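Observations on the three-dimensional arrangement
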Amino acid sequence: MILKNDAGFAAKTPSLTARGTRSASTSTSALRKLAGALMMGGLALAGLTLGAAQVHAADTLKVGISAEPYPPFTYTSASGEWTGFEVELANAICDAMQRECEITPTGWSGIIPSLKAGRIDMIMNSMTITKAREKVIDFSIPYYNSPGAYVASKDLDIEIPEGLDGKILGTQAATTHANFARKALRSTGVDVRLYDQQEQVNSDLLAGRVDVILADEIAMSALIKRDEASNFEIKATTPQHEAYGIGAGIGVRKEDGALKDALDGAIKQVYADGTCTALSNKYFDTDVCLG
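Conventions and cut-offs
Chains are numbered independently. Their residues run from 1 in the order of the written sequence. With pLDDT at 70 or above as the cut-off, local features in this predicted model cover only qualifying residues; side-chain atom pairs require 80 or more to be listed or tallied, and sums for whole chains, interfaces and linings still use all residues. Side-chain calculation: all heavy atoms of the structure are included, whereas hydrogens and water are not. Here a strand is any run of E in DSSP of at least two residues, a helix any run of H or I of at least four, and the numbering for each starts at the N terminus. Only protein chains enter the accessibility calculation, which uses a 1.4 Å probe; a residue whose area is less than 20% of its type maximum is buried, one above 50% is exposed, and one in between is partly exposed. Contacts were defined at the residue level, with two residues in contact if any of their heavy atoms lie within 4.5 Å. Joining through side-chain atoms within 4.5 Å is the link that ties buried Ala, Val, Leu, Ile, Met, Phe, Trp, Tyr and Cys residues into a set, and such a set is a nonpolar core. Between rings of Phe, Tyr and Trp, where Trp is taken as its six-membered ring, a pair exists when centres lie within 6.5 Å; planes separated by under 30 degrees are stacked, by over 60 edge-to-face, and by other angles tilted. Disulfides are defined in this document as cysteine sulfur pairs within 2.5 Å. Each residue carries a pLDDT value, the predictor's own confidence for that position, ranging from 0 to 100. When DSSP locates at least two bridges between a pair of strands, those strands are taken to pair. Between N-to-C directions, angles cover 0 to 180 degrees, with each direction set by a line fitted to C-alpha atoms, over the stretch in contact for helices. For each structure, a 1 Å grid was placed over the protein atoms alone; sets of points admitting a 1.4 Å probe that cannot get out are labelled cavities, open sets with protein on both sides within 12 Å along at least five of seven lines are labelled pockets, and lining residues have an atom within 4 Å of a point. Grid points are joined across faces, edges and corners, and a volume is the space filled by probe spheres set on the points. We call Asp, Glu, Lys and Arg charged. Ala, Val, Leu, Ile, Met, Phe, Trp, Tyr, Cys and Pro are nonpolar, and the rest, Gly among them, are polar. For classification purposes, an angle smaller than 35 degrees is called roughly parallel, one larger than 145 roughly antiparallel, one from 65 to 115 roughly perpendicular, and anything else oblique. Each crossing gets its handedness from the near helix: less than a right angle anticlockwise from the far helix is left-handed, clockwise is right-handed.

**Some details on the environment of Arg182**
For Arg182, the location among the structural elements is in helix 5 (residues 176-184). Along the sequence, Arg182 and Ala243 sit 61 residues apart, while their C-alpha atoms lie 9.6 Å from each other.

What follows is the structure, encoded as structure tokens:
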């Protein structure tokens, strides 16, 4: 918001008589004082207004999540509101910091640029802490960790990774799973297909357009509980690998050290008071929190 404060002043041309000159000088001096007072008052008002706007902005944190649903972490409820494990946990973390939160959906492929450009203040969307990402943004301490999981039809008898040769594997682009597939599976002979959204991956699996999909184990555990996915199962999970980093953290700009410190403290608080565990059990029937 741009604040403008304009003031205009006008005076009659003074008389050239001696008295008129003195009177004009006095009048001009008074006008100058009045103009200065008004200008200072205007600047002070503008400063107060701008300061209030800055305080208001500081009171609200824009929490970036993917605009594409990623249940049970982030998704829209029947009422159209965003909910899920990470949405509820984000609100709890903001409460612990005594800060207001605004959930701000952003396209996954542009979520880091949006953070760096200031359109969001933090990323809380199962973003794994990796060395590559740490070159451009900072992270809070990790708040949960989960390996990748391979899902396929129960009828498919397959050993992973050996049996991937000749199979079509789907995974979401710009994720640690895609990085893992590129680094660890290229020698298996598998045909890796990348998708913009996880639900597109899931849909192609259910429709038989891919043989196997690779995604977060927690999300895949939720997928196979759906009625339409009752004939599918988790075949294997991924081993420890550099592509998966050290767990999911909250991404912040490198210059926002104070916010990072506040987030670290708040994460520890929701660990200690049992909030994270309660939400994990609510959505996953298990505790994935790292505290």
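**Thoughts on the environment of Ile224**
As for its placement among the helices and strands, Ile224 is situated in the loop between helix 7 (217-223) and strand 11 (232-237). Its relative accessible area of 25% is what places Ile224 among the partly exposed residues. Along the chain, Ile224 and Val151 lie 73 residues apart, while their C-alpha atoms are 8.4 Å from each other. Those residues within four positions of Ile224 in sequence are excluded, and the remaining contacts are Val151, Ala229, Ser230, Phe232, Glu233 and Ile234.

**Brief notes about the nonpolar core**
A general tendency of soluble globular proteins is for nonpolar side chains to be buried together. Phe85, Leu89, Ile93 and Tyr143 are the most contacted members of the largest nonpolar core, which totals 45 residues. The next biggest cluster of nonpolar side chains, apart from the first, holds 15 residues, and it includes Tyr150, Ala152, Ile160 and Val190.

**Thoughts on helix 5**
Looking at helix 5, one finds that the buried residues are Thr176, His177, Ala178, Phe180 and Ala181. On its buried face, helix 5 sits against helix 4 (131-134), strand 7 (148-153), strand 8 (168-172), strand 9 (191-195) and strand 10 (212-216).

**Some points on the packing of aromatic side chains**
The description of two aromatic rings rests on the distance between their centres and on the angle between their planes. Per the stated rule, a full pass over the model turns up eight aromatic pairs. Relative to Tyr144, the ring of Phe85 has its centre 6.3 Å away and its plane inclined at 90°; by these criteria the two rings are edge-to-face. Of this pair, Phe85 sits in helix 2 (residues 85-97) while Tyr144 sits in the loop between strand 6 (138-139) and strand 7, placing them 59 residues apart in sequence. Each member of the pair, Phe85 as well as Tyr144, is classed as buried. Both rings, one in Phe180 and one in Tyr244, keep their centres 5.4 Å apart while their planes meet at 40°; by these two values the pair is tilted. Here Phe180, found in helix 5, pairs with Tyr244, found in the loop between strand 11 and strand 12 (251-252); they are 64 residues apart in sequence, far enough to count as distant.

**Some thoughts on the state of the cysteines**
Think of a disulfide as a covalent bridge from one cysteine sulfur atom to another cysteine sulfur atom. Tallying each qualifying case throughout the model produces two disulfides. A sulfur-sulfur separation of 1.7 Å characterises the disulfide bridge that pairs Cys94 with Cys101. Judged by relative accessible area, which is 1%, Cys94 ranks as buried. Between the sulfur of Cys276 and that of Cys289 lies a disulfide, 2.0 Å long from S to S. The sign of the -95° torsion about the S-S bond sets the Cys276-Cys289 disulfide as left-handed.

**A few points about the confidence of the model for the protein chain**
Residues at a pLDDT of 70 or more form 80% of the protein chain, whose mean pLDDT is 84. Contacts from residues 34-57, a stretch scored under 50 in pLDDT, to residues over four places away or in other chains number seven contacts.

**Let's talk about the sheet that holds strand 11**
Taking strand neighbours across the sheet as the criterion, the five strands line up as 9-8-10-7-11 in an open arrangement whose pairing is mixed. Strands at the two margins of the open sheet, each flanked by one partner only, are strand 9 and strand 11. Taking the axes of each pair of neighbouring strands and ignoring which way they run, one obtains an average angle of 30° across the sheet. Helix-sheet contacts for helix 5 involve strand 7, strand 8, strand 9 and strand 10, and the interaxial angle to strand 10 is about 130°.

**Re empty space enclosed by the protein**
Taken as a whole and judged by the stated rule, the model has two cavities of 30 Å³ or more. In this structure, the largest cavity encloses a volume near 300 Å³. Forming the walls of the largest cavity are 23 residues, and the residues nearest its centre are Tyr70, Asn125, Ser126, Thr175 and His177. Listed by contribution, the elements that provide at least two residues to the lining of the largest cavity are helix 5 and strand 10. Looking at side-chain class alone, the lining of the largest cavity contains eight nonpolar, twelve polar and three charged residues. Lining the second largest cavity are Tyr70, Pro71, Gln198, Glu199, Asn202, Ala219, Met220, Leu223 and Arg226. At the level of secondary structure, the elements contributing two or more residues to the lining of the second largest cavity comprise helix 6 (198-206) and helix 7. Residues that form the lining of the second largest cavity fall into these classes: five nonpolar, two polar and two charged.

**Looking at the packing of helix 2 against helix 9 (residues 275-284)**
Between helix 2 and helix 9, the least distance of the axes is 10 Å, while the angle of their chain directions is 165°. With respect to helix 9, the axis of helix 2 lies roughly antiparallel. Considering the relative orientation of helix 2 and helix 9, their crossing is right-handed. Of the residues in helix 9, those in contact with Phe85, Glu88, Leu89 and Ala92 of helix 2 are Thr275, Cys276, Leu279, Ser280, Lys282, Tyr283 and Phe284. Per-class residue counts for the contact of helix 2 with helix 9 are seven nonpolar, two polar and two charged.

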